[in-house]
Amino acid sequence: MTAQSALQVSADSPPSKASRFRAMLNSKNLEFLMEAHNGLSAKIVEETGFSGIWASGLSMSAALGVRDNNEASWTQILEVLEFMSDCTSIPILVDGDTGWGNFNNMRRAVVKLCQRDIAAICIEDKLFPKTNSFLGDGQPLADIDEFCGKIKAGKDSQTHPDFSIIARLEALISGLGMAEALRRAEAYHAAGADAVLIHSKKSDAEEVLAFTREWANRCPVVIVPTKYPWTPTDRFREAGISIAIWANHNMRASITAMRETSRRIYREESIEGVDKEIVKVRDVFELTGNDELSEAEKRYLPSDGEGHRGIVLAASRGAELGKLTEDKPKCMIDVRGEPLLGRLVSALKNARVNDVTVVRGYKKDQINLPSLSYVDNDLYENTGELASLACARAAITGSCIIAYGDVLFRQYYLDQLFEHNADIVIAADALWKERTSSDPKWVRDFISATVKSSQDFIDDKPVYLTAMGADLATTDIHGEWIGLARMTERGSEIIRDEMDALQKEGKLNTAGLVDLFHRIANKGHKIGIVYVPGQWLDVDDASDLSAAGRFL
Ligand code: SPV
Ligand code: MG
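The model shown is predicted, which means the values in this text are computed figures rather than measured ones. (Residues numbered from 1 in each chain as written. Chains lettered and ligands numbered in written order. Predicted model: local features only at pLDDT ≥ 70, side-chain atom pairs only at ≥ 80, totals over all residues. Heavy atoms only, no water.)

(A) Quick peek at the overall build of the protein. What the protein contains, in helices and strands, is 20 helices and 21 strands. For 552 residues, the compact-globule estimate of 2.2 N^0.38 gives 24 Å, and the C-alpha radius of gyration of the protein, at 32 Å, exceeds that figure by more than 25%. For the protein, the spread of C-alpha atoms along the three principal axes comes to 100 × 55 × 40 Å. Taking all 552 residues of the protein together, 49% fall into the buried category. (Helix = DSSP H or I, 4+ residues; strand = E, 2+ residues; numbered from the N terminus. Rg over C-alpha atoms; globule rule 2.2 N^0.38 Å. Buried < 20%, exposed > 50% of the residue type's maximum accessible area, 1.4 Å probe, protein only.)

Here it is, written out as C-alpha cells:
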C-alpha cells in the first residue's frame, strides 16, 4: 500500500478495493484474478476465495451476445461493471480495451470507474474499435506517444489515489518482437502506468518469461496465460510475475453447462433428468442474498400485526434412522434435495411465520440453515420435549406456532390453524390409523375431542380437545396430533404459565407437549382442534423417510 493510501484508511475502515488491488500488484507473491462477466459470476469468484476479479471484455461481450469488437458500448460495459462491483467486496480490474476512444474518452471512463468503486483498468495499445488478440495476424498498434498521453490522462483523472492503470503490450501478439515490447513497456511505465501486461498468443510461456527477464521488474508484470495453460504456475512465480489472470474460464464453463442442460431438456422433453445436477432455486436465493432482504423487511416494513413466531423442536437425534443420523440430526436429513427442516421452515415462512427459533441438541452444529434463531438444549439426551421448549421460552409470545422438526404436512393446514379463533389450536389427523401390534416404538399422540370429525372436512363445527395421550382407549380416540400447534398471544401466555406450573412440580424436564396440552385442557382452557385428512407424516424411521419422498 502506498503512503498516500495509508492516509486514506482509518483504523476501523477496511482498505478500499483500489488499495487492495494496488497491494496485490506490488506484493512479492504471485496473485490471481479470476474472470467474471456479470454480477452472478462475480459473486461466485468472490465466494470461491479469489482476491480479485478480471472483468473480461471478451466474456462481458459474449455474455451480452455480441462480439469482442467494442460492439457493446462503454456505458453498457459500465453498467455490467456496476452490478459486479455492487454485489462483491473484492477488487475488480476491468479490461478497458483501448480505453474506449482517445485520451478524452479515457479521462471520462476513469472518473466513472472510480465512482463505481472499480479498482483498476487495463488498456491495450491497439486501435479503436479493438479486435480480440487471438483473432487475425499483425493487428496495427497505437502510436506510442498517443498511448502514453492516454495513460497520463487516465492517471490525472483518477479520483482514488490507488486506482491503477495497467498498460497492456500487444507487440508480441502483433509479431513486432521483444525489442518493440520492451521499448513500449519503458514508455508506458514512464508515462505513469502502474504495471504492464505482457500478452502472448504462443502455446508456451517462453517469450513472456523472456520479457520478464529483460524487464527485471522495473514495474509489476501481469500475464494472461490462456494460450499456454500447461505452463506450471510455479514458473510464473519464479519469474517474479505479479498477477496471473485466468481470463475467460467462467464464461466458457457456463457455455458448456448451459449447452448440456438445454440439450438434455430438449431431448428428454422433461426437466426431471437435470434437476438433481443443477443448483437448487434455494441456492440462487442464497447467492443473491434474499436472507438480507427478509431481515430488512422486518426492520423497515410497517408491521401489520400478522407476522407470527415459530418454535421448532429439533433436539433429538432420530436414532431409529441409524446411520443416517450418525453425523446429523434427523431434521437435517435430505428428502428430495432439501433437509426436512428446510422444508418445514419454507412452509412456515409461506404462512408468514417469519421469526423462527429452532431448538437444537444432538449434533447442533449441523443445524445451520440461514435466517433462523437458534437455542440449544444441551441436555437433550436426558430431557424431554418441554425441556427443549423451555429453552425457547422467550420466543413463546404473541401469535406463535410450535412444530416438531421432522414433520411434513400440507401448507393449508397452517392457514386453518390461523383461521381458528381458539387461543390454542392443534391439528389432528381425523383419518388416524389404528395401533398395530408392531406399532409403535415411539409414542402416538392421540386426541379425544368434544365432537368426532364428520370426515367431509368442509364444514366442521368448532371442536375442542378433551384428552390427549398415547394410552387413550381406542373407542375414545378421535384423531392423532400431527405435531403442529398454534397459539394467540393469550394462548402463548397459557402455555408459559403451564410450563411454570410443571417446573414447580419438578416435571418440566421429563414431560412432553402432549402432557402440556392435556393438562391445559383439563384445567378448562379451550384447545381448538382442526381436523385434517391425513396428508402428513413425521419421520421416525426408514419407512417414514421413503414415505416422505413419496409425500413430496
Ligand atoms: C479478455 O479477456 O477480454 C482479454 C484477454 O482481453 S484476451 O481474450 O486474451 O485478449
Ligand atoms: Mg479483452
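(B) Main features of the domain arrangement of the protein. Split by domain assignment, the protein resolves into domain 1 (14–247), domain 2 (250–278) and domain 3 (281–551). Domain 1 and domain 2 are separated by 33 Å when their C-alpha centres are compared. (Domains from an automatic or database assignment.)

(C) Local environment of the site of ligand 1. Near ligand 1 you find Trp 54, Ser 56, Gly 57, Leu 58, Asp 95, Asn 132, Ser 133, Phe 134, Arg 168, His 199, Val 224 and Ala 247, and these make up its full shell. One nitrogen or oxygen atom from the side chain of Trp 54 is found 3.1 Å from an oxygen atom belonging to ligand 1. Within the contact set of ligand 1, an oxygen atom lies 2.7 Å away from a side-chain nitrogen or oxygen of Ser 56. Split by residue class, the shell around ligand 1 holds five nonpolar, five polar and two charged. (Near = heavy atom within 4 Å. Polar contact = N/O pair within 3.5 Å; in protein donor to acceptor, adjacent residues only side chain to side chain. Nonpolar A, V, L, I, M, F, W, Y, C, P; charged D, E, K, R; others polar.)

(D) The arrangement of the pairing of strand β1 (residues 31–36) in detail. By the criterion of burial, β1 is predominantly enclosed, with five of the six residues buried. Strand direction decides the pairing type here: β1 and strand β8 (residues 243–246), joined by four bridges, are parallel. Paired with Phe 32 across the bridge in β8 is Ala 244. Here β1 pairs with strand β2 (residues 53–55) via three bridges, running parallel. Each bridged residue has a counterpart across the sheet, and for Met 34 the counterpart in β2 is Ile 53. In this fold, β1 hands off to helix α3 (residues 39–48), which returns the chain to β2; that crossover is right-handed. (Pairing = 2+ DSSP bridges. Right-handed = clockwise from strand over helix to strand, strands pointing away.)

(E) Up close: the side chain of Ser 56. Note on placement: Ser 56 falls in the loop between β2 and α4 (57–63). With relative accessibility at 2%, the residue Ser 56 sits in the buried group. Polar contacts involving the side chain of Ser 56 include one to the main-chain amide nitrogen of Leu 58, which spans 3.2 Å.

(F) Just the nonpolar core, in detail. If you look at the biggest cluster of nonpolar residues, it comprises 71 residues, and the most contacted ones within it are Leu 389 and Phe 517. In terms of residues, this core owes the most to one element, helix α19 (residues 513–522), which gives six residues. Non-local contacts of Phe 517, meaning those with residues more than four positions away in its chain, are made with Ile 424, Ile 426, Leu 465, Met 468, Trp 481, Ala 485, Ile 495 and Ile 527. Of all hydrophobic cores here, the second largest spans 58 residues; its members include Leu 30, Met 60, Leu 81 and Tyr 188. (Core = buried A, V, L, I, M, F, W, Y, C linked by side-chain atoms within 4.5 Å. Contact = heavy atoms within 4.5 Å.)

(G) Region of the structure containing the pattern of salt bridges. Using the criterion set out here, one finds 38 salt bridges in the structure. The salt bridge involving Lys 126 is made with Glu 124; its shortest N-O contact spans 2.8 Å. Here Lys 126 and Glu 124 have matching classes, each one buried. Between Arg 218 and Glu 186 there is a salt bridge whose closest N-O contact spans 2.9 Å. Separated by 32 residues along the polypeptide, Arg 218 in the loop between α9 (206–215) and β7 (221–223) and Glu 186 in helix α8 (residues 177–191) bring together distant segments of the chain. Residue classification places Arg 218 among the partly exposed positions, given a relative accessible area of 39%. Here Glu 186 falls in the partly exposed class, since its relative accessible area comes to 33%. Through salt bridges that share partners, Asp 68, Asp 97, Glu 124, Lys 126, Lys 130, Arg 168 and Glu 170 make up one connected network. (Salt bridge = Lys/Arg side-chain N within 4 Å of Asp/Glu carboxyl O.)

(H) Just helix α5 (residues 74–86), in detail. In this model, α5 (13 residues) spans 18 Å end to end at C-alpha, consistent with the 18 Å of a helix rising 1.5 Å per residue. Listed in full, the buried residues belonging to α5 are Ile 77, Leu 78, Val 80, Leu 81, Met 84 and Ser 85. The arc enclosing the buried residues of α5, seen along the axis, measures out at 160°, which places them on a common side. Set apart from the buried face of α5 by more than 90 degrees, the exposed residues are Glu 79, Phe 83 and Asp 86. (Expected span 1.5 Å × (residues − 1). Arc of directions from axis to C-beta.)

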